[in-house]
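Structural overview
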Amino acid sequence: MKIIQTKDYSHLSRVAAEKIIHLIKQKPNAVLGLATGSTPKGVYEQLVLDHKQNQTTYQHIRTVNLDEYVGISADHPNSYHSFMRKNLFQYIDIHPNHTHIPNGKTDNLDKECLEYDQLIHKLSGIDLQLLGIGHNGHIGFNEPHTSFSSQTHVVQLAQSTREANSRFFSSIEDVPSQAITMGIQTIMNSKQILLLVSGKSKAKTLERLVNGFVTEAFPASILQQHPNVTIIADEDAMSILN
Ligand code: F6R
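None of the values given here were measured: they were computed from a predicted structure. (Residues numbered from 1 in each chain as written. Predicted model: local features only at pLDDT ≥ 70, side-chain atom pairs only at ≥ 80, totals over all residues. Heavy atoms only, no water.)

Some points on the packing of helix H2 (residues 41-54) against helix H3 (residues 80-87)
- Between H2 and H3, the shortest axis-to-axis distance is 10 Å and the interhelical angle comes to 40 degrees. Of the possible angle classes, the one that applies to H2 and H3 is oblique. Here Lys41, Tyr44 and Val48 of H2 come into contact with H3, specifically with Phe83, Met84 and Asn87.
- The residue inventory of the contact of H2 with H3, partitioned by class, reads four nonpolar, one polar and one charged. (Axes fitted to C-alpha atoms, helices over the stretch in contact; angles between N-to-C directions. Helix = DSSP H or I, 4+ residues; strand = E, 2+ residues; numbered from the N terminus. Parallel < 35°, antiparallel > 145°, perpendicular 65-115°, else oblique. Contact = heavy atoms within 4.5 Å. Nonpolar A, V, L, I, M, F, W, Y, C, P; charged D, E, K, R; others polar.)

Brief notes about the site of the ligand
- Lining the immediate surroundings of the ligand are 14 residues, of which Thr39, Asp67, His138, Gly140 and Lys202 lie closest.
- Within the backbone of Ser38, a nitrogen or oxygen atom sits 2.8 Å from an oxygen atom of the ligand.
- Taking His138, its side chain carries an N or O atom lying 2.7 Å from an oxygen atom of the ligand.
- Relative to its unbound accessible surface of 410 Å², the ligand loses 91% to contact with the protein.
- Tallied by class, residues from the shell around the ligand come to three nonpolar, eight polar and three charged. (Near = heavy atom within 4 Å. Polar contact = N/O pair within 3.5 Å; in protein donor to acceptor, adjacent residues only side chain to side chain. Areas by Shrake-Rupley, 256 points an atom, 1.4 Å probe, with all protein chains shown as cover.)

So this is what it looks like as structure tokens:
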């Protein structure tokens, strides 16, 4: 794993956006794996800015998102569909049919998961997967003890994850208890991974990711075995490693 240390969050966002833009220039029909949460917001802002200033086009880009809550519809304000629309898709020239996010409102969850993996396969895999990391080492919604060989599947969200995400909902009771997530194997099949880590609260998590054992108890640890992972971390996140 290669580590790039940045001064702060906005520097981290610029560095990550540059890498994505570089890929888009090299491969205008690239498949981007996208994440939600607080960490990638700055990257999306930078991509929007670059699209406005430099007309980088997304006309042939396809996107697949990591995850979506179960039980809320795409137009729910807290769905990851809404998040992606609000933070990125509405501002760039991407074709709506080229953006893919699991359907959390499906009446056949198993079929939805299977078809999501088939879709990624049909797109010839993910060229670059953007990842954040949870304090407990989760990637996507793959909580500790998820099998490293998992494909897209339905997960029961850990209480700690529901608490962390309740900041976006009016109360913790409103946070869905299940989600659909790409599996760890699905993520590991990506050709390139960019993992973003920001802030002091993630410093211990990052230290464990870099120096800890590879174990299903800490899902992100498997990234140590991926051939092309770049961690972009700000000084605060690096404070224990430095
Ligand atoms: C989001 C996702 C999650 C987040 C993680 C960190 O699509 O898959 O794994 O990346 O929970 O979230 P933030 O960035 O809000 O700290």
